[in-house]
Amino acid sequence: MPRTPLVAANWKMHTTHEEADRLAREIAAGAAAVQDVDVVVCPPSCYLMPVGAALAERKGGALGSQDVSEIVGTGAHTGDISGAMVRDCGGTYAIVGHSERRATRGEDDACVARKFEAAQAAGLIPILCVGETLEERDGGETDAVLARQLGAVLEQVGIAAFATAVLAYEPVWAIGTGRSASPEQAQAAHARLRATLAASDAKIADSVRILYGGSVKADNAAELFAQDDVDGGLIGGASLKAEQFNAIVKAAGNH
Ligand code: PEP
C-alpha cells in the first residue's frame, strides 16, 4: 500500500516566541510547495497557538505537541497538559515516548502506553517513539527492546488503535549525535516493527507510517526515505533551520 510520507519537526526546548513564529512561517511555505507529504510541527507547548496560527495562515503543515499528559480530563496536575488542551490549541498530533522523556522524566513503557491512549482519547494522532540505546544495540538486544516498547502499547490499546497512529524508530545513539543509522539499519528495524504489527493485523501494519528519527539532515534524508519501510522522518536539530527542514520535506516528496 502506498503510504503518504510524513515529516515531523521536534523543536524540543528551543525558540523564543518570535523565532517560533518566523520558523513556522518558513516551514509552512516549504510544506505548501511540496505535494503529497504530511508536515507536522511540534513546538514547545507555550507556542502551540501562535505556531498553529502561522501554519494555518500559509496552509502548510499540521500542529503537534512534544508530549501529552497520561491523565484524561482536568484536575490537580500541576504542569501537565492534557490531550484535550492540545486539541483545543489546534493540535492534531502528539509525540509520546520520546527517548529524552523516557531517559530523563522516568517514563517507562507502561506510562508511554497510557500517554498513547490518552492522546487518542482526546482525538490526537500519537507519534509513538521507540528505539534502543547503543549499549542495547551492541548487546544484540535491538529487536527485543523494540518488541517490548511496541508490545506495551499494543497490550494497552490493541492493534486497531494503530489505524490512527504513527510510529517513529529513533535509535537513542543517533539522536542529536550527528551519527545517523545507516539506511540498512533503519530499514531492518522498520521492517521488524511492521512485522510485529502484522502479526496482529496485516492490513493495519501495512498502512502505518513508520518514521525514522536520529540525525536526519538534508544530505542523508533521501537515502533513508528510499527504504521500503521508511515513511518519513522525525527531525530534531535540523528542524530548527527552515532551509534544512524544507529540503528534508522535499526529499520525502520524491519517494
Ligand atoms: C529527535 O529529537 O527526535 C531527533 C531525532 O533529533 P535529531 O534529529 O537532532 O537527532
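Above this note sits the structure.
Report on the accompanying structure. What you are looking at is a predicted structure, and each value in this text was computed from that prediction instead of being measured. (Residues numbered from 1 in each chain as written. Predicted model: local features only at pLDDT ≥ 70, side-chain atom pairs only at ≥ 80, totals over all residues. Heavy atoms only, no water.)

**Side note on the pattern of salt bridges**
No. 1: Scanning all chains against the criterion turns up 18 salt bridges.
No. 2: Across the salt bridge formed by Glu 107 and Lys 115, the nearest N and O atoms sit 2.8 Å from each other. Like Glu 107, the residue Lys 115 is buried in the burial classification.
No. 3: Asp 109 serves as the salt-bridge partner of Arg 148, at 2.6 Å between the closest nitrogen and oxygen. In this pair, Arg 148 is assigned in helix H7 (residues 142-157) and Asp 109 in helix H5 (residues 109-121), connecting sequence segments 39 residues apart.
No. 4: Look at Arg 148 and you get partly exposed, because its relative accessible area is 43%.
No. 5: Assessed through its relative accessible area of 15%, Asp 109 is described here as buried.
No. 6: Several salt bridges converge on common partners, so that one network encompasses Arg 3, Arg 194, Asp 206, Asp 229 and Asp 231. (Salt bridge = Lys/Arg side-chain N within 4 Å of Asp/Glu carboxyl O. Buried < 20%, exposed > 50% of the residue type's maximum accessible area, 1.4 Å probe, protein only. Helix = DSSP H or I, 4+ residues; strand = E, 2+ residues; numbered from the N terminus.)

**Describing the packing of H5 against H7**
No. 1: Packing of H5 against H7 brings their axes to within 9 Å, and their N-to-C directions diverge by 50°. Classified by the angle their axes make, H5 and H7 are oblique. Handedness of the crossing formed by H5 with H7: right-handed. Contacts between H5 and H7 involve Asp 109, Ala 113, Arg 114, Phe 116 and Glu 117 from the former and Arg 148, Gln 149, Ala 152, Val 153, Gln 156 and Val 157 from the latter.
No. 2: Grouping the amino acids of the contact of H5 with H7 by side-chain chemistry returns five nonpolar, two polar and four charged. (Axes fitted to C-alpha atoms, helices over the stretch in contact; angles between N-to-C directions. Parallel < 35°, antiparallel > 145°, perpendicular 65-115°, else oblique. Left-handed = near helix turned anticlockwise from the far one by under 90°. Contact = heavy atoms within 4.5 Å. Nonpolar A, V, L, I, M, F, W, Y, C, P; charged D, E, K, R; others polar.)

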